[in-house]
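Here are the chains, one letter per residue:
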Amino acid sequence: MQETDREARSSGSGPAIILVEPQMGENIGMVARAMANFGLSELRIVAPRDGWPNEKALATASRATSVVEAAIVYDDLRSALADLNFVFATTARERDGFKPVRGPVDATAVLRSRSKGGERTGIMFGREKYGLDNEQIGLADEIVTFPVNPEFASLNIAQAVLLMSYEWMKSGLARETDIPFTGPDTAPAPKEELHGYFEHLESALSARGYFRPAAKKAKMVDKIRAVLTRPGFTSGEVKVLRGVLASLDYFSPNEPRGAGYPERKADVDRKAHPEAMQRRPAAPKGTPVDE
């Protein structure tokens, strides 16, 4: 590999992801996907067991094939680290205390700070079966480990890369709680609209004998209003609820919407629109009529 190529690959804003002697092409592909999800693109592979290029890596990379295709393969770890200024080694096991140890949040903050200072950084991940050995960890500056279940601490390398990549992206946000999109910006309906719905609902329930015994009506109404005020319905939602209630109020199994024009609905429409109803021809019972 020419030096100019090395500099071009190393000058990105994110840390290089270094896989040491990975055994399965599928895992390399999933690593590429995890990197692409969170904005990392520089993949370095040291002595892959099944050789390179690897069709299984490309197949599992999905739309992150560009990361796989741009990956650089090294014969040994020293060569893969040669142009980097600062490197973390990942491990799930305690290693004699000969290196500083950080969690992923602190580690990515360090990487972000060093990258902003112009340093080239990297994160090493070991073999699927047993990770990095002590000699390989000895080539790193610090250790990063994850707060996992101690009875089942082993992570798939793609999972480990995903965790570090996620923390890397999060460390670059203006606020760690920032997300790419939010729900709609809505405002609760004016109380007048909500109170109108309450009155409509209470009238409909009263007509159907819901409030029994009568002495408990006030308490029952209070509970219904408490339930319906909690969600903070918008004006549009209140209109939907009133439309549902109106449909239930006007139509019944005996007089369904598609079977004619219920007299209850006709009475309401006559009072609201007397001129229009006078011009409306009477529909034979059982004939579908559009509202």
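Our subject is the structure listed above.
On a predicted model such as this, the values are computed, not experimentally measured, just so you know.

Calculation notes
Residues numbered from 1 in each chain as written. Predicted model: local features only at pLDDT ≥ 70, side-chain atom pairs only at ≥ 80, totals over all residues. Heavy atoms only, no water. Core = buried A, V, L, I, M, F, W, Y, C linked by side-chain atoms within 4.5 Å. Buried < 20%, exposed > 50% of the residue type's maximum accessible area, 1.4 Å probe, protein only. Contact = heavy atoms within 4.5 Å. Salt bridge = Lys/Arg side-chain N within 4 Å of Asp/Glu carboxyl O. Helix = DSSP H or I, 4+ residues; strand = E, 2+ residues; numbered from the N terminus.

Asker: Would you mind going over the nonpolar core in detail, with residue names and values included?
Answerer: Ranked by size, the top nonpolar core spans 31 residues in total, and within it Ile17, Val31 and Leu43 carry the most contacts. With residues up to four places along the chain from it excluded, the contact list for isoleucine 17 reads Val31, Met35, Leu40, Glu42, Leu43, Arg44, Ile123, Phe125 and Val161. Residues Leu77, Val87, Ile137 and Ile143 belong to the second largest nonpolar core, which totals 16 residues.

Asker: Report on the pattern of salt bridges, specifying residues and quantitative values.
Answerer: One pass over the structure, following the stated rule, counts ten salt bridges. For arginine 102, the salt bridge is made with glutamate 142, and the minimal N-O distance between the two is 2.6 Å. On the criterion of sequence distance, the pair formed by arginine 102 in strand E5 (residues 101-102) and glutamate 142 in strand E7 (residues 142-144) is long-range, its members being 40 residues apart. Judged by relative accessible area, arginine 102 falls into the partly exposed class, the value being 30%. Glutamate 142 gets classed as buried once you look at its relative accessible area, which sits at 10%. The partner of arginine 127 in a salt bridge is aspartate 133, with the nearest N and O atoms 3.9 Å apart. Given the relative accessible area of 9%, arginine 127 is considered buried. You can call aspartate 133 partly exposed: its relative accessible area is 29%.

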